[in-house]
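The primary structure of each chain is shown beneath.
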Amino acid sequence: MNYFKKSPSTLRKLILLILVLNSSSKFAQPGKDGALTITATGQTLNRYFPVLSDITANSYTVEIPSASPSSFLPGDLIMIYQAQGATTSSVNGSAYGDILNYNSSGLYEFRYIRCVNGNTLVVDAAFTNSYSVTGYVQCVKVPQFTTLTIAAGAEVTAGNWRDTVINAPFRFGGIIAIHANSIVNNGTITAAGRGFRGGPADSDVSFVYWESDYTTALSSQGGIKGESIAGYLTEYDLNGGRYCRGAPANGGGGGNAHNAGGGGGANGTSGNPWTGEGIMIADVNNPLMAWSLSPTYINNNNSLTNSSGGGHGGYSWSNANANALLDGPGNFVWQGDQRRETGGLGGRPLNNINADSRIYYGGGGGSGEANNLVSPPASNGGGIVYLISTTGISGSGLISANGYTVADNSGCSCDGPSGAGAGGSIVLKCASVVSTQTVMAMGGRGGNQLQLSSPAAITEGDGPGGGGGGGFVAISAGGVTPLVNGGSNGSTQSVSFTEFPYNGATSGAIGQTGFVSSAFVSYNLNPQISSNSPQCVPATVWFSTSASAMSYSWSGPNGFSSVSPSVSMVNSNILMSGIYTLTLNYHNGCTTTTTVAILLNKCLVGTGEETSAANKMILYPNPSKGEFSFDAPAAGTMTVHDLLGRCVLNMAYTPGKGLLNLKHLPSGTYLLKTSYGGISNTIKLIKTE
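These numbers were taken from a predicted model, which means no experiment stands behind them. (Residues numbered from 1 in each chain as written. Predicted model: local features only at pLDDT ≥ 70, side-chain atom pairs only at ≥ 80, totals over all residues. Heavy atoms only, no water.)

1. Focus on the state of the cysteines
The tally for this structure, following the rule as stated, stands at 2 disulfides. A disulfide bridge connects C115 with C590, and the sulfur atoms are separated by 2.4 Å. Of this pair, C115 sits in strand β7 (residues 108–117) while C590 is found in the loop between β28 (578–585) and β29 (591–598), placing the two residues 475 residues apart along the sequence. Comparing C115 with C590 shows no difference in burial state: the two are buried. Between C412 and C414 runs a disulfide, and the two sulfur atoms are separated by 1.9 Å. Of note, the bridge from C412 to C414 carries an S-S torsion of about -65° and is left-handed in sense. With a relative accessible area of 28%, C412 lands in the partly exposed category. The buried category is assigned to C414, whose relative accessible area is 10%. Left unpaired, C139 is separated from the closest cysteine sulfur, that of C115, by 14 Å. Given the relative accessible area of 0%, C139 is considered buried. (Disulfide = S-S within 2.5 Å. Helix = DSSP H or I, 4+ residues; strand = E, 2+ residues; numbered from the N terminus. Buried < 20%, exposed > 50% of the residue type's maximum accessible area, 1.4 Å probe, protein only.)

Below you can see the structure in the form of structure tokens.
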């Protein structure tokens, strides 16, 4: 028989202690990958994997290429992100590229991997959203650090957003996603230019005049549209064509023939309506008088345009030195293509951004129309930087998702320059961000037409590129003010436009800032068990798990088994004390095991010491600070387990008095199992501070 020298109130406290120790808890798992210090540039910490099949809401699995599963282990953190897949209008007019349905573009979720089964990752919680592989879904492996330090002059960067073929075409990259207890950034964390791609340089040396289409499949008609949530080159071919000035969703339109500039990409919204005309900037070198001759200015109630999104590409080719303050676009005095207003439209802002569930790459700029092969491609938008830090981000470094600036025309400089990429997205989910961090997701600058090789004789003027729109930044807390400015438009150095170097090109609009919750998905790969152990028999003892699984399997002393998530034993016998093991069966053959210690005693209060009825062992004092004396009538063995079922001590004992030393163990409750002559018994030990 066992005896407790405890009052009823003390016994209740001990029971409560056991319940607290066994209660379910959920916690994140930063630190799995230890501490890391970055001292070099160009360091990529993420790995990217294409997702092979659709993910449906409430499902638990992610299918990746067969060569990839070895890269993952249980407890790894992944980010699922779908970049594209929006449906847009194909009408050949200014409505080309209108977003008809965002579908799942921009949606993301984080999950922990429970197990890997073949080329299938099984995650710990069901997905909230559905994802379609036609929108190029990727699985990003997210490192988990205790502390990530980026030294001054060092750089962490995203991998390029790119196309690849793994039995089928895929796109992935462009994301920095990091989980850490703390981040010390004195260098640079950048996804600048890692977002949607700019339109490639126009490589068709043929051209036409007076081109007014918004979309076409004919390469002679205009520059190439920038990448967007609606896709890129091949997707555009299926939706009216990749060429000309219409803006596909948040991508910039290409400049029309002949030699009009490309439009800038977009991302965040300034709150103003979108017209695709960008922001007209009037200054001392580009007076209002020149803008006032524009049909767009006139149609805007004789006002400068202030459209949200990307900037508009500049006017088409002119070949005479007229006066831009007196002779507006489309006037025959300009000769050539008459300097018409056919530059690429700026990309559309994305109006459903939600920092906790849906974010985007910056749209790529549209390329300028070129026939002399001297206009560089349009520039890329910014990618995504997503930092989760339990304590916060410190240091005096830079966090960037800017759109790239367009390279200037080369050689004869006699082609239409290209539009710039928009700022990407930055989400800082953390306790604090110090004000000494610089955080920016700004649009890039449009391309310039440089001075012609013989300015005294050559009067050609081409349309500069439009600026990229600003991006999106959301921060949980902190004193830093993010920069989401739109990029400026390019200029021309043609001698024909000294009075108006912008020549019709406009700037991108400011982007968007917001708030993001600091909460993050819980790490709960080891399901916890609740119980009301210990109990004094006769009693009803219960133990259960709240973890969700497809099936459950319990095993325990004396051949005990159950397939219920909750177990109740009525009038239990003390021989049922011991370690109970629960196996949870999840999707795709994934299993997890966990244990609970159940202690049942015949309790008499106030009788002195705690003994084992089976072999008459006397054990005292109990509780103690770690040294327990015992008196055993015969030789035997004893093992000590903690309440998770782990064996922490195994020893033999001889008859007579002895000492059990647990001073090296943390304070708490332990189970001592003694064995003598084929008879065993379990005694509860309590180690105090």
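From this point, the narrative continues.
2. Brief notes about the sheet that holds β29
Sheet architecture is open: 4 strands sit in the order β26-β25-β28-β29, paired in antiparallel fashion. Lying at the two open borders of the sheet, with one neighbouring strand each, are β26 (560–562) and β29. Ignoring which end each strand starts from, the neighbouring axes of this sheet average 15° apart. Inspection of the sheet shows β28 paired to β29 by 8 bridges, in the antiparallel sense. (Pairing = 2+ DSSP bridges. Axes fitted to C-alpha atoms, helices over the stretch in contact; angles between N-to-C directions.)

3. Overview of the confidence of the model for the chain
Taken as a whole, the chain shows an average pLDDT of 89; of its residues, 92% reach a score of 70 or greater. A low-confidence stretch, residues 1–28 (pLDDT under 50), is modelled with 77 contacts involving residues beyond four sequence positions or located in other chains. Here residues 604–615 is modelled with pLDDT under 50, and outside its nearest four sequence neighbours on either side it reaches 46 contacts, counting other chains as well. (pLDDT = per-residue confidence, 0-100. Contact = heavy atoms within 4.5 Å.)

4. Some points on the nonpolar core
If you look at the biggest cluster of nonpolar residues, it comprises 65 residues, and the most contacted ones within it are Y386, L387 and L428. Ignoring anything within four residues of it in the chain, the contact list for L387 reads I176, I178, I183, I189, I393, I399, V427, L428 and K429. Within the second largest apolar cluster, 22 residues are counted, among which are I529, Y580, L584 and I598. (Core = buried A, V, L, I, M, F, W, Y, C linked by side-chain atoms within 4.5 Å.)

5. Digging into the sheet that holds strand β22 (residues 529–531)
The 3 strands lie next to each other as β22-β24-β27, forming an open sheet whose pairing is antiparallel. Each edge of the open sheet is held by one strand with a lone partner, namely β22 and β27 (566–570). Averaged over all neighbouring strand pairs, the angle between strand axes comes to 15°, with direction disregarded. As paired strands, strand β24 (residues 540–545) and β27 are joined by 5 bridges and run antiparallel to one another.

6. Topic: unusual backbone geometry
Cis geometry marks the peptide bond from Y620 to P621, where omega comes out at -15°. The linkage connecting N622 with the following residue, P623, adopts the cis geometry, with an omega of 10°. Examined against the element boundaries, P623 turns out to sit in the loop between β32 (618–620) and β33 (627–632). Phi at W210 takes a positive value of approximately 60°, unusual for a residue other than glycine.

7. A short note on the side chain of S105
If you trace the backbone, S105 turns up in the loop between β6 (99–101) and β7. The buried category is assigned to S105, whose relative accessible area is 0%. Within polar-contact distance, the side chain of S105 engages the backbone oxygen of Y102 at 2.7 Å. Here S105 is in contact with Q82, A83, Q84, G85, A86, I229, R358 and Y360, once residues within four sequence places are set aside. (Polar contact = N/O pair within 3.5 Å; in protein donor to acceptor, adjacent residues only side chain to side chain.)

8. Re the pattern of salt bridges
The tally for this structure, following the rule as stated, stands at 14 salt bridges. Between R348 and D98 there is a salt bridge whose closest N-O contact spans 2.7 Å. Here R348 is found in the loop between α4 (295–299) and β16 (384–394), whereas its partner D98 is found in the loop between β5 (87–88) and β6, with 250 residues between them in sequence. With a shortest N-O distance of 3.2 Å, K429 and D356 are connected by a salt bridge. Placement of K429 in strand β18 (residues 425–430) and of D356 in the loop between α4 and β16 is noted, with a sequence separation of 73 residues between them. Owing to a relative accessible area of 4%, K429 belongs among the buried residues under this scheme. The network of salt bridges with common partners includes D163, R171, R197, E227 and E235. (Salt bridge = Lys/Arg side-chain N within 4 Å of Asp/Glu carboxyl O.)

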